[in-house]
Amino acid sequence: MRGISFWFFMTAVVYVTLGMIWGIVMAATGDHRLAAAHAHLNLVGWVTLALFGIYYHLVPAAGEHVLAKVHFAVATTGVVLIVPGIAMALSGAGELLAKVGSVLTLASMLLFAVVVFRSRKAAEVPERATVSQGLEQSA
């Protein structure tokens, strides 16, 4: 795994590790007040970013476009803002950061939709040649 696919996947691994540690702390203390923020860290940070990374790995041409780098910046910034933003909102410290992070997370998904649409030709898998086709071509 290289390039943007590596960065998406590696970032996802960092987020899931932090999410696991946070989950252990919540379980050990019995304090689950920030469970929604923890869940978003795992779902958006781990699952979504890992899926982005897998797509870019499977469709390398999609990762070569500048839009992939913009996508990575928007996606990671969205996670970095939405998770503490939700924690702040749950703690009564305001919702602005959660709102900004939510909009960036949505923008990230919309950017990904554009990337997928633009790279649909590169994502097509060529038909497998059958043995009979190979024999016909060699004759």
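That block above? That's the structure.
Residues numbered from 1 in each chain as written. Predicted model: local features only at pLDDT ≥ 70, side-chain atom pairs only at ≥ 80, totals over all residues. Heavy atoms only, no water.

1. Concerning the environment of Val13
Phase 1 of the analysis: Here Val13 is to be found in helix H1 (residues 3-29).
Phase 2 of the analysis: Note: C-alpha distance between Val13 and Leu49 (36 residues apart in sequence) is 9.0 Å. (Helix = DSSP H or I, 4+ residues; strand = E, 2+ residues; numbered from the N terminus.)

2. Section: helix H4 (residues 66-90)
Phase 1 of the analysis: An ideal rise of 1.5 Å per residue puts 36 Å on 25 residues; H4 measures up with 36 Å between its terminal C-alpha atoms.
Phase 2 of the analysis: The positive-phi residue at the C-terminal boundary of H4 is Gly92, with phi of around 80°. (Expected span 1.5 Å × (residues − 1).)

3. A look at the packing of helix H2 (residues 35-58) against H4
Describing two packed helices takes the angle between their axes plus the distance from one axis to the other.
Phase 1 of the analysis: H4 packs onto H2 with a crossing angle of 170° between their chain directions and a minimal axis gap of 8 Å. Considering their axes alone, H2 and H4 lie roughly antiparallel with respect to each other. Each of Ala36, Ala37, His40, Leu41, Val44, Gly45, Leu49, Phe52 and Tyr56 in H2 lies in contact with H4, whose residues at this interface are Ala68, His71, Ala75, Thr76, Val79, Ile82, Val83, Ile86, Ala87 and Leu90.
Phase 2 of the analysis: Its residues assigned to classes, the contact of H2 with H4 shows 15 nonpolar, four polar and no charged. (Axes fitted to C-alpha atoms, helices over the stretch in contact; angles between N-to-C directions. Parallel < 35°, antiparallel > 145°, perpendicular 65-115°, else oblique. Contact = heavy atoms within 4.5 Å. Nonpolar A, V, L, I, M, F, W, Y, C, P; charged D, E, K, R; others polar.)

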